[in-house]
Amino acid sequence: MSASDRAGPGTPCWVSLQTGDLAGAQGFYGTVLGWTFRSGSLGENFLVALREGKPVAGIGNVARSMSVPVSWTAYFVVDDADAVAARIRERGGTVAVGPLAFGSGRAVLASDPDGAVFGFWEGRVLPGWTIGSGAAPAWLELRTRNGFDAAQFYGAIFGWDSQDTDLAYEDDAVMVRVHGHTVACLRGGGVEAAPDPRIRPRWHVYFCVDDVEQAVRAALAAGGELAQEAGPHGEREATLRDPEGGLFTVTSNRIA
């Protein structure tokens with residue numbers, strides 16, 4: 001996450017998988033999404049996933065050592081990690097880890113008042129990594145109890161009311177746009193106590209593939225599971241669970 005250019009505060013800047021099996025995750029995502037990998041700057045427990053030679057995401061072998069669930073986490077860039085952490089606490093959220101120094105910046109793991117986990121990053125970010133374009137994920141979606149309440153929380157901590165960022169209300173969801181480009185969706189319907197992690201409040205990551213059916217077959221052959229075959233409106237997509245339980249969606253459309 002520490003290449004060069006600065007992104008606007010509150011903009012998604014990275015996604016990372018917290019896993020308990022680094023070698024297994026490397027094999028699974030390499031097979032399903034065609035990724036290659038290189039070592040990162042954070043030590044032997046961290047890898048950078050590449051698509052056509054460009055950074056896509058991070059994978060860290062930290063789930064067991066940090067006693068956290070295996071999951072994909074979205075990160076947002078901030079100017080001052082301490083100030084954002086304070087605003088999270090003031091508004092009923094939880095700061096779980098950090099700010100911790102990593103490379104040229106500082107990272108924090110937190111959760112919103114409904115329990116959805118997210119991260120934020122103070123430091124330089126990868127140039128050209130933008131949701132819905134290039135090698136970056138196709139889409140980020142917050143599935144939460146109430147999308148409008150969540151928009152107030154995230155808007156307050158990240159400053160989404162700036163001239164660079166605007167919120168649009170469409171089809172009972174909140175779209176987050178930066179310079180007119182949609183970078184995330186906040187959608188209601190999550191249930192805090194639901195046993196199914198797909199229903200509990202969470203940030204969910206979509207990755208673009210050329211062939212959804214082929215990706216599903218590859219995931220099943222590599223030890224993953226099919227959690228859902230289509231999107232809520234019948235889109236060509238599939239929600240998958242990796243062998244360690246990490247949930248993500250593959251889609252043939254760049255939704256953003």
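Residues numbered from 1 in each chain as written. Predicted model: local features only at pLDDT ≥ 70, side-chain atom pairs only at ≥ 80, totals over all residues. Heavy atoms only, no water.

### A look at the sheet that holds strand 5 (residues 71-77)
Next, step 1: Spatially, eight strands are ordered 2-3-4-1-5-8-7-6 in an open sheet, and the strand pairing comes out mixed. Here the strands that pair on one side only, and so sit at the sheet edges, are strand 2 (36-39) and strand 6 (94-102). Averaged over all neighbouring strand pairs, the angle between strand axes comes to 30°, with direction disregarded.
Next, step 2: Summarising the sheet, strand 6 and strand 7 (residues 105-111) pair through six bridges and their orientation is antiparallel. Counted as the bridge partner of leucine 100 is alanine 107 from strand 7. (Pairing = 2+ DSSP bridges. Helix = DSSP H or I, 4+ residues; strand = E, 2+ residues; numbered from the N terminus. Axes fitted to C-alpha atoms, helices over the stretch in contact; angles between N-to-C directions.)

### Here's the deal with the nonpolar core
Next, step 1: Phe118, Phe120 and Tyr154 are the most contacted members of the largest nonpolar core, which totals 73 residues.
Next, step 2: Discounting residues that sit within four places of it in the chain, phenylalanine 120 has contacts with Tyr75, Phe76, Val78, Ala81, Val84, Ala85, Ile88, Arg106, Ala107, Val108, Ala110 and Phe158.
Next, step 3: With eight residues, the next largest nonpolar core counts Trp139, Met175, Cys185 and Cys208 among its residues. (Core = buried A, V, L, I, M, F, W, Y, C linked by side-chain atoms within 4.5 Å. Buried < 20%, exposed > 50% of the residue type's maximum accessible area, 1.4 Å probe, protein only. Contact = heavy atoms within 4.5 Å.)

### Looking at the packing of helix 2 (residues 81-90) against helix 3 (residues 147-158)
Next, step 1: With their axes 9 Å apart at the nearest point, helix 2 and helix 3 run at an angle of 150° to one another. Taken together, helix 2 and helix 3 sit at an angle that is classed as roughly antiparallel. Here helix 2 runs over helix 3; the crossing is right-handed. Residues Val84, Arg87 and Ile88 of helix 2 touch helix 3, and the partners they reach there are Phe153, Ala156, Ile157 and Phe158. (Parallel < 35°, antiparallel > 145°, perpendicular 65-115°, else oblique. Left-handed = near helix turned anticlockwise from the far one by under 90°.)

### With respect to helix 3
Next, step 1: Look at helix 3: 16 Å from first C-alpha to last across 12 residues, which is about the 16 Å you get at 1.5 Å a residue.
Next, step 2: Those residues of helix 3 lying buried are Gly147, Ala150, Ala151, Phe153, Tyr154, Gly155, Ile157 and Phe158.
Next, step 3: At the N-terminal boundary of helix 3, the capping side chain belongs to asparagine 146, with an oxygen 2.9 Å from the backbone nitrogen of phenylalanine 148.
Next, step 4: Downstream of helix 3 by a residue or two, glycine 159 has a phi angle that is positive, lying close to 70°. (Expected span 1.5 Å × (residues − 1). Polar contact = N/O pair within 3.5 Å; in protein donor to acceptor, adjacent residues only side chain to side chain.)

### Comments concerning the pairing of strand 10 (residues 165-170)
Next, step 1: In terms of strand pairing, strand 10 meets strand 11 (residues 173-178) through six bridges, oriented antiparallel. Note that in strand 11 the partner of alanine 168 across the bridge is methionine 175.

### A short note on the pattern of salt bridges
Next, step 1: Counted under the stated rule, the structure contains nine salt bridges.
Next, step 2: In this structure, arginine 145 engages aspartate 114 in a salt bridge whose closest nitrogen and oxygen atoms are separated by 3.2 Å. Here aspartate 114 lies in the loop between strand 7 and strand 8 (117-122) and arginine 145 lies in the loop between strand 9 (139-143) and helix 3, a separation of 31 residues in the sequence.
Next, step 3: The salt bridge partner of arginine 187 is glutamate 141, with a shortest N-O separation of 3.5 Å. Of this pair, arginine 187 sits in strand 12 (residues 181-187) while glutamate 141 is found in strand 9, placing the two residues 46 residues apart along the sequence.
Next, step 4: Arginine 187 sits in the partly exposed class, given a relative accessible area of 22%. (Salt bridge = Lys/Arg side-chain N within 4 Å of Asp/Glu carboxyl O.)

### A few points about the sheet that holds strand 9
Strand pairing in a sheet takes place through backbone hydrogen bonds and is either antiparallel or parallel in direction.
Next, step 1: Taken in spatial order, the eight strands line up as 10-11-12-9-13-16-15-14 in an open sheet, and their pairing is mixed. Every interior strand has two partners, whereas the edge strands, strand 10 and strand 14 (225-228), have only one. Recorded for the sheet is a direction-independent mean angle of 30° between the axes of neighbouring strands.
Next, step 2: Taken together, the five bridges between strand 15 (residues 237-241) and strand 16 (residues 247-251) define a ladder with antiparallel strand orientation. Paired with alanine 238 across the two strands is valine 250, which belongs to strand 16.

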